[in-house]
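Secondary and tertiary structure notes
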Amino acid sequence: MNGYGLDERLTALGRQAREWSVGFRAGALALDEDPGRIKDFLDLPGVRCLGTFGIPPGYAEPLTIGRHRYAGTTALERAVLTENLARGDMGMVLASPGVSMSGVLMEQLGDEEQRDRFYGAVAASPTWTSFALTEPDRGSDASAITTALRRGEDGRLLLTGAKRYIGNACRARFVSVLARTRPGPLGVTAALVDTGEPGYRAEPLPTLGLRGAQLSAVHLDDVEVEPWQVLGRHLSPARRGIWSCVQVFNRLRPTVAALALGVAAAAHEYVAERRRSATGTDRDRIEDLGMRISATRALVHRAAAEVDATGRGRVASAAKARACALAEDATLAACDLLGPAARANHPELDKLVRDARGAEFMEGTRNIQHLNLFQGLLANELEGDFR
Ligand SMILES: Cc1cc2nc3c(=O)[nH]c(=O)nc-3n(C[C@H](O)[C@H](O)[C@H](O)COP(=O)(O)OP(=O)(O)OC[C@H]3O[C@@H](n4cnc5c(N)ncnc54)[C@H](O)[C@@H]3O)c2cc1C
């Protein structure tokens, strides 16, 4: 790393992903129309890459570009890959098979047997996975979950409850379900559910944006959980409860910021190509967007480097809040610059506007990121220019 720029190795990753994003853009509207079409895109190199990115060495061959290798197990690698693929289509990134959020949870909580089973299955063939925390009416307040993991009368562990807005849950083979074993922050545990188990049901929800991600409602009706499926069983309750969720979110937040940044960059590129001869305030607006994108990219990289070094996600909250605001501003400005019927005449841009709104809600809204950032300020955890 040079300042908050990228070294040669990460630059090569970004360049490669940018090339792959052309295929994502070409398929974006078809996937938006029918999320089931992801099956037609499994051979795209970017989709294949996401299928194993984040699987630790030993379970799958790391991505190789020239003389460099990338396992995808750092926040900075994930942010660089994700932004550049999302410039093609954020929906395709979210619709792709792979370890995604469950992989980060597994890094935190998985023991050897759990890692063998989970990574082994995902490495063997394209496999979708999901992470189920949000419940109906209890989104931002993650600690208020009520899905229960309890012993039935016959001694079996059973999961009961409902989850909502869970990406890919209706096509996933594994879903990491956050559930409560007792009241209080230490009473939260994650279970790796095999969706083939009786009692698991998921149905897609109609959404305006990010339709490829196939957000789903999940019903858990006495789903049996075997002892090996309880994540963090070798750790103390303090390490596997809400603490583990915070760790996962800290590590994922730069990736979500990078997704939003990719949408902003795509909208900027779209309008800049079509308004090459813009003058006056129009040209200033396009240039200003370009500068905001570069500044936000530096912040996203800084946030990812910080979380890799310390596990802390305060700067990542600033990056996520700023990237989501930028995605909204850039997509709406692009519409404005292309005239009154822009959304009707430019379906690709219309999709970017819809997707930007979806990014705002993923992994905590801007209000929640601001709260996290200011808690960091009060706790004196932020340095230099954040003070
Ligand atoms: C594209 C997408 C993918 C998603 N994928 C997943 C997934 O894979 N797994 C998963 O578990 N969930 C997922 N979610 C759900 C997401 O995490 C929730 O939507 C999010 O946590 C917000 O919860 P909510 O929708 O219930 O909104 P609410 O929590 O009801 O919030 C509504 C509004 O109230 C504001 N608000 C809430 N609390 C406060 C507060 N304390 N202070 C100030 N303002 C507040 C919010 O900022 C927001 O504007 C996904 C959502 C989207 C859009």
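Residues numbered from 1 in each chain as written. Predicted model: local features only at pLDDT ≥ 70, side-chain atom pairs only at ≥ 80, totals over all residues. Heavy atoms only, no water.

Secondary structure assignment for the protein chain yields 12 helices and nine strands. Computed over the C-alpha atoms, the radius of gyration of the protein chain is 21 Å, within 12% of the 21 Å expected from 2.2 N^0.38 for a compact globule of 387 residues. Seen through its principal axes, the protein chain has C-alpha atoms that stretch 75 × 50 × 45 Å. Of the roughly 16,800 Å² that the protein chain leaves accessible, carbon and sulfur atoms contribute 51%. (Helix = DSSP H or I, 4+ residues; strand = E, 2+ residues; numbered from the N terminus. Rg over C-alpha atoms; globule rule 2.2 N^0.38 Å. Areas by Shrake-Rupley, 256 points an atom, 1.4 Å probe, with all protein chains shown as cover.)

Bringing the site of the ligand into the picture now. Around the ligand there are 19 residues in total, and Phe131, Leu133, Thr134, Ser140 and Thr365 lie nearest to it. The contact in question runs from an oxygen atom of the ligand to an N or O atom on the backbone of glycine 139, over 3.4 Å. Calculation on the ligand without its partners gives an accessible area of 980 Å², and the protein chains cover 67% of this total. For the shell around the ligand, the secondary structure elements donating two or more residues are β3 (129–132), β5 (157–166), α11 (347–361) and α12 (366–378). When residues in the shell around the ligand are grouped by element, the largest group, three residues, is from α12. Both domains that meet at the shell around the ligand, namely domain 2 (112–236) and domain 3 (242–386), each give it at least three residues. (Near = heavy atom within 4 Å. Polar contact = N/O pair within 3.5 Å; in protein donor to acceptor, adjacent residues only side chain to side chain. Domains from an automatic or database assignment.)

What follows covers the UniProt feature "domain: Acyl-CoA dehydrogenase/oxidase C-terminal" (unreviewed entry) in the protein chain. Annotation from UniProt places "domain: Acyl-CoA dehydrogenase/oxidase C-terminal" (unreviewed entry) at residues 241–375. Its end C-alpha atoms 20 Å apart, residues 241–375 is made of 87% helix and 0% strand. (UniProt positions renumbered as here; feature names shortened; annotations may be inferred.)

Within the secondary structure, leucine 85 sits in helix α3 (residues 75–95). Between the C-alpha atom of leucine 85 and that of threonine 207, which follows or precedes it by 122 residues, the distance is 22 Å. Other than its neighbours up to four places away in sequence, leucine 85 contacts Ala17, Trp20, Ser21, Phe24, Gly46, Leu50 and Val93. (Contact = heavy atoms within 4.5 Å.)

Turning our attention to the nonpolar core. With 92 residues, the main nonpolar core has Leu13, Leu63, Leu81, Leu85, Met90, Leu159 and Tyr200 as its most contacted residues. Residue contributions to this core peak at 13 residues, all from helix α9 (residues 314–337). Not counting residues within four places of it along the chain, the set of residues in contact with leucine 63 comprises Leu13, Trp20, Cys49, Phe53, His68, Arg69 and Tyr70. Listed in part, the 27 residues of the second largest apolar core include Val104, Leu109, Val122 and Leu133. (Core = buried A, V, L, I, M, F, W, Y, C linked by side-chain atoms within 4.5 Å. Buried < 20%, exposed > 50% of the residue type's maximum accessible area, 1.4 Å probe, protein only.)

A separate point is the pattern of salt bridges. All chains considered together, the criterion is met by 35 salt bridges. A salt bridge links aspartate 89 to lysine 351; the nearest nitrogen and oxygen atoms lie 2.6 Å apart. Of the two residues, aspartate 89 sits in helix α3 while lysine 351 sits in helix α11, which places them 262 residues apart along the sequence. Considered together, aspartate 89 and lysine 351 belong to a single accessibility category, that of buried residues. Arginine 366 serves as the salt-bridge partner of glutamate 360, at 3.0 Å between the closest nitrogen and oxygen. (Salt bridge = Lys/Arg side-chain N within 4 Å of Asp/Glu carboxyl O.)

Attention now goes to the packing of aromatic side chains. Summed over all chains, the structure comprises four aromatic pairs. Seen in terms of ring centroids, tyrosine 59 and tyrosine 119 are 5.2 Å apart; in terms of plane orientation they differ by 45°. Their pairing is tilted. Placement of tyrosine 59 in the loop between α2 (45–52) and β1 (63–65) and of tyrosine 119 in helix α5 (residues 112–124) is noted, with a sequence separation of 60 residues between them. Tyrosine 59 gets classed as partly exposed once you look at its relative accessible area, which sits at 25%. By relative accessible area, which is 0% here, tyrosine 119 ends up buried. Ring pairs connect the aromatic residues Tyr59, Phe118, Tyr119 and Phe174, which therefore count as one cluster. (Phe/Tyr/Trp six-rings, centres within 6.5 Å; stacked < 30°, edge-to-face > 60°.)

So, on to helix α4 (residues 100–109). Most of α4 sits out of view: seven of its 10 residues are buried. All of the buried residues along α4 are Ser102, Gly103, Val104, Leu105, Met106, Gln108 and Leu109.

Taking every second residue as pointing to the same face, both faces of β3 are buried, with Thr129 and Phe131 on one and Ser130 and Ala132 on the other. Of the pairings in the sheet, the one linking β3 to strand β6 (residues 174–180) comprises four bridges and is parallel in character. Note on β6: the bridge partner recorded for threonine 129 is phenylalanine 174. (Pairing = 2+ DSSP bridges.)

This part takes up the side chain of arginine 314. Mapped onto the secondary structure, arginine 314 falls in helix α9. Side chain to side chain, arginine 314 and glutamate 381 meet in a polar contact 2.9 Å long. In this structure, arginine 314 is in contact with Glu306, Asn372, Leu373, Gln375, Gly376, Glu381 and Leu382, ignoring residues within four places of it in sequence.

Further remarks concern the domain arrangement of the protein chain. Structurally, the protein chain comprises domain 1 (8–105), domain 2 (112–236) and domain 3 (242–386). Taking only C-alpha atoms into account, the centre of domain 2 sits 29 Å from that of domain 3. Taken residue by residue, the interface counts 12 residues in domain 2 and 10 residues in domain 3. For the pair domain 2 and domain 3, the summed buried area comes to about 840 Å², and 76% of that belongs to carbon and sulfur atoms. Looking only at domain 2, the three residues that lose the most surface to domain 3 are Phe131, Ser140 and Leu210, adding up to 46% of its buried area. Run the count over domain 2 and domain 3 and you get zero salt bridges. Put simply, domain 2 and domain 3 have two residue pairs in polar contact (both at pLDDT 80 or more) between them. Its residues placed into classes, the side of domain 2 that touches domain 3 shows eight nonpolar, three polar and one charged. (Buried area = accessible area lost by both parts, 1.4 Å probe. Nonpolar A, V, L, I, M, F, W, Y, C, P; charged D, E, K, R; others polar.)

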